[in-house]
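Letter by letter, the chains look like this.
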Amino acid sequence: MARNPVTWLGSPTFPKAAREALQDTQLRQNLRKATGTIRGRREAAVAEMTDWEMLRVAGEQIKDDVLARLDTLLVQLEETVTARGGVVHWARDAEEANRIVLDLCRAEQADEVVKVKSMATAEIGLNEALEAGGVRAIETDLAELIVQLGDDRPSHILVPAIHRNRSEIREIFQRRMGIEVSDEPADLAEAARVYLREKFLTTKVAISGANFAVADTGSIVVLESEGNGRMCLTLPDTLITVMGIEKLVPTWQDLEVFLQLLPRSSTAERMNPYTSVWTGVTPGDGPQRFHLVLIDNGRTATLMDSVGRQALRCIRCSACLNVCPVYERTGGKSYGSVYPGPIGAILTPQLVGDMHDPQAASLPYASSLCGACFEVCPVRIDIPSVLTHLRAEVVEAKGRTPESVAMAAAAWIFREASRYEKAQKAGSLARFLARDGKITSLPWPGSRWTSSRDVPAPPAESFRSWWRKNRCQE
Amino acid sequence: MINSAAREEILQRIRNAKVPAAPQTVRGYNQTGPGGVELFAERVADYRAIVHVVSDVPEALALLKGKRIVAPQGLPAEWLIDGVTWLHEPLTIGELDQADGVLTGCAVAIADTGTIVLDGGEGQGRRALTLLPDYHLCVVRQDQIAASVPEALRRLEPTRPLTFISGPSATSDIELNRVEGVHGPRTLEVLIVT
Ligand code: SF4
């Protein structure tokens, strides 16, 4: 079987990548500023809701119900979409999904397609596959455009260019669009508007992801901010939507939960500027050909694991990234996957499904187990428990190797606030993290760690309270 | 059936996972809220949309005078006041792109989140009409304002093409700060009719 493109080919293991990222002060500064802003705003948006915990519980239960009845609900979705004039395709893996989409583009004789940001298509490496087949995919989401024009990798689920500050974005735009522009966000947004307008008005095929699909009505839901989504979902003749099989909700009513949970958790807004809902094809309004591609790509394997399957509840809000102390220091690209941060640490290795893959196997160690991710997760995924569970699987698969020792040591450092701070202040954290999977030096506190010692269960509370205090002062 | 082998295999693998049934979903969250014109107006304004509370729509529409405005089918005849160049369907993408703005009603509004929902019905038109012009003026009747998201969803027909609009087009992609005005209408103006 072909390798799963959810991880980037040739990515180093997490400790090695993190070691390099930690030396990039600009990156750390950009990240601290951006995540600090969004953390405060998310807290305010959530504090406004008196029933937030009830919404989280309902979100968890609805998604668990989806996982329990996934076969029936998918068949129901297929029926409702088909009844409204859509065509449903099934793909076992990335390769199969990419081939389906490429064939659909070719059938429309399209050599260019517009795309609205989608994690599913990034996961399967669709753009590269289309390119190889002679079809150019144009990303229309501002952050995706920044990544694409900068020949870069995404580093965040919601804001793939979060590692770039305004002056870096200005430089990329000037170089690639051949324009003069200031570094004012409004001017940069205007530049993107002008650059893409013509594409929206003339391109005949669009590709999107989906935030939700409603099984009982066949409705597909996309949340966005800029209006590039509406452009793609409305103007072209043909729309191809690629969606993970777990993105379902059983009924229209269930959306009332997620339309409240998602915007506040992701962009810290009461509601995102635009949400589009469409059901198959509507004569006289929008694309007259609609294809829905359902992808497995490791999800059914994840479903088999009774502890790990809760990762499939994820609605990709990115709140767990924004609160994660490890993510804030290392950035998203260290995770070597389109899914970075805490969710990436549990989802990516499960989608890869091979604990002998050193890069994937290093991801469950990319955490301090502080628990902040669980606290903010709108669908209550117990990320720390899944991490611990997956670490046990890594050790079982590989035994104790230099890699696992290095990773466990890194995890041990990230785990306790005092060690972490001291290690970082001493500038030793980056040096400490293993190069080539080997520990080259063990300054304090790593020197106290030995390979025979099992990583002790930490008093998570101490880290959490420390983290809160320190976060407020930043 | 397009690729029945893939379909069968995926469904079979799901069945093999034998995921236990989930407990009945507890909907203990709020079904409704305070609602009202004032809250809706305040929340729409929070997105930096322009809001007016009016009693006479034709009078308020004087602000459109001298402009070329798209008029979707089904707008009340008295809204089509003199002094405005009204653009009627059929309109090409280019014509929509060149218009100064669009005037619509809506299907439902949500006080709690300051959201307007269009469903392509009378006085709203197909989705491109409210997307390409750079300015959108939306008239919301008091009785169309639902208090909460759950209340609004109950009033909507899910199989119609729906667009939920909360403020003008915006992005948070540059240093995670909201900036208004990317691809959708850069100005959203709302007339609330009491
Ligand atoms: S795991 Fe939870 S917090 Fe993280 S992206 Fe998914 S839904 Fe959001």
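### Things to note about the layout of surface pockets
All names here are of chain A.
Move 1: Computed from the structure, the largest pocket encloses a volume of approximately 850 Å³.
Move 2: Looking at the largest pocket, it is lined by 35 residues, and the ones nearest its centre are G125, N127, E128, D152 and R153.
Move 3: For the lining of the largest pocket, a count of residues per class yields 16 nonpolar, 7 polar and 12 charged.

### Quick word on helix α2 (residues 25–47) of chain A
Residue and element names in this part refer to chain A.
Move 1: With 23 residues, α2 extends 33 Å from end C-alpha to end C-alpha; this agrees with the ideal 33 Å at 1.5 Å per step.
Move 2: Within α2 the residues assigned to the buried category are L27, R28, N30, L31, A34, T35, I38, R39, R42, A45 and V46.
Move 3: With a side-chain oxygen lying 3.3 Å from the backbone nitrogen of Q26, the N-terminal cap of α2 falls on D24.

### Here's the deal with the site of the ligand
Move 1: By nearness alone, every residue bordering the ligand is listed as A:C314, A:I315, A:R316, A:C317, A:S318, A:C320, A:I343, A:C377, A:P378, A:V379, A:I381 and A:I383.
Move 2: Considering only residue class, the shell around the ligand consists of 10 nonpolar, 1 polar and 1 charged.

### Let's talk about empty space enclosed by the protein
Residue and element names in this part refer to chain A.
Move 1: Using the criterion set out here, one finds 6 cavities of 30 Å³ or more in the structure.
Move 2: Within this model, the largest cavity holds a volume of roughly 580 Å³.
Move 3: Lining the largest cavity are 34 residues, and of these K117, L158, N211, L223 and R316 sit closest to its centre.
Move 4: Broken down by secondary-structure element, the contributors of at least two residues to the lining of the largest cavity are α6 (119–123), β6 (219–224), β7 (238–244) and α12 (255–266).
Move 5: Taken together, the residues of the lining of the largest cavity sort by class into 14 nonpolar, 11 polar and 9 charged.
Move 6: As a volume, the second largest cavity reaches approximately 100 Å³.
Move 7: If one sorts the elements of the lining of the second largest cavity by residue count, helix α19 (residues 383–398) sits on top with 3 residues.

### Side note on the sheet that holds strand β2 (residues 68–70) of chain B
All names here are of chain B.
Move 1: Here we have 6 strands laid out as an open sheet, ordered β1-β12-β7-β4-β2-β3, and parallel in their pairing. Edge strands, defined here as strands with exactly one partner in the open sheet, are β1 (50–54) and β3 (85–87). Between one strand axis and the next, the sheet turns by 25° as a mean value, whatever way the strands run.
Move 2: Bridge count for β2 against strand β4 (residues 101–104) is 2 bridges, and the pairing is parallel. Across the sheet, the residue bridging to I69 is G101, located in β4.
Move 3: Lying on the sheet, helix α2 (residues 37–46) is in contact with β1, β7 (135–141) and β12 (187–193); it crosses β12 at an angle near 175°.

### A short note on unusual backbone geometry
Move 1: Here the residue pair B:E89 and B:P90 is connected by a cis peptide bond, since its omega of 0° sits within 30 degrees of zero.
Move 2: Here B:P90 lies in the loop between β3 and α4 (93–98).
Move 3: Backbone geometry places A:L369, a non-glycine residue, at a positive phi of 55°.
Move 4: Mapped onto the fold, A:L369 is located in the loop between α17 (358–362) and α18 (372–376).

### Topic: the sheet that holds strand β4 (residues 205–208) of chain A
Residues and elements named next belong to chain A.
Move 1: In spatial order, the strands read β1-β10-β7-β4-β2-β3; together these 6 strands make up an open sheet with parallel pairing. Both edges of this open sheet fall to β1 (86–91) and β3 (136–139), since each of them pairs with a single strand only. Neighbour-to-neighbour, the strand axes of this sheet turn through a mean angle of 25°, independent of strand direction.
Move 2: Where helix α5 (residues 94–107) meets the sheet, it contacts β1, β2 (112–115), β4, β7 and β10 (289–295), and its direction lies at approximately 145° from that of β1.

### Notes on the confidence of the model for chain A
All names here are of chain A.
Move 1: Looking at chain A as a whole, the pLDDT averages 87, with 84% of positions reaching at least 70.
Move 2: Below pLDDT 50 for its whole length, residues 426–432 participates in 23 contacts with residues either more than four positions away or in separate chains.
Move 3: Long-range and interchain partners of residues 434–464, a stretch whose pLDDT sits below 50, account for 63 contacts in this model, where long-range means more than four residues apart.

### With respect to the packing of helix α3 (residues 52–68) of chain A against α12(A)
All names here are of chain A.
Move 1: Contact geometry of α3 with α12 gives a least axis separation of 9 Å together with a crossing angle of 115°. Classified by the angle their axes make, α3 and α12 are roughly perpendicular. Taken as a pair, α3 and α12 cross one another with a handedness that is left-handed. Mapping the contact onto sequence places W52, L55, R56, A58, G59, I62 and K63 in α3 and V257, F258, Q260, L261, R264 and S265 in α12.
Move 2: Across the contact of α3 with α12, the residue classes break down as 7 nonpolar, 3 polar and 3 charged.

### Focus on the interface of chain A and chain B
Move 1: Contact with chain A, which involves 96 residues of that partner, is made by 75 residues of chain B.
Move 2: Interface area for chain A against chain B, summed over the two sides, is near 7,500 Å², with a carbon-plus-sulfur share of 58%.
Move 3: Seen at the junction of chain A and chain B, the total is 10 salt bridges.
Move 4: Residue A:D285 is joined to B:R127 by a salt bridge in which the shortest nitrogen-to-oxygen separation is 3.1 Å.
Move 5: Put simply, chain A and chain B have 35 residue pairs in polar contact (both at pLDDT 80 or more) between them.

The rules behind each value
- Residues numbered from 1 in each chain as written.
- Chains lettered and ligands numbered in written order.
- Predicted model: local features only at pLDDT ≥ 70, side-chain atom pairs only at ≥ 80, totals over all residues.
- Heavy atoms only, no water.
- 1 Å grid on protein atoms, 1.4 Å probe; cavity = no way out; pocket = protein on both sides within 12 Å on 5 of 7 lines; lining within 4 Å.
- Points joined across faces, edges and corners; volume = space filled by probe spheres on them.
- Nonpolar A, V, L, I, M, F, W, Y, C, P; charged D, E, K, R; others polar.
- Helix = DSSP H or I, 4+ residues; strand = E, 2+ residues; numbered from the N terminus.
- Expected span 1.5 Å × (residues − 1).
- Buried < 20%, exposed > 50% of the residue type's maximum accessible area, 1.4 Å probe, protein only.
- Polar contact = N/O pair within 3.5 Å; in protein donor to acceptor, adjacent residues only side chain to side chain.
- Near = heavy atom within 4 Å.
- Pairing = 2+ DSSP bridges.
- Axes fitted to C-alpha atoms, helices over the stretch in contact; angles between N-to-C directions.
- Contact = heavy atoms within 4.5 Å.
- pLDDT = per-residue confidence, 0-100.
- Parallel < 35°, antiparallel > 145°, perpendicular 65-115°, else oblique.
- Left-handed = near helix turned anticlockwise from the far one by under 90°.
- Buried area = accessible area lost by both parts, 1.4 Å probe.
- Salt bridge = Lys/Arg side-chain N within 4 Å of Asp/Glu carboxyl O.

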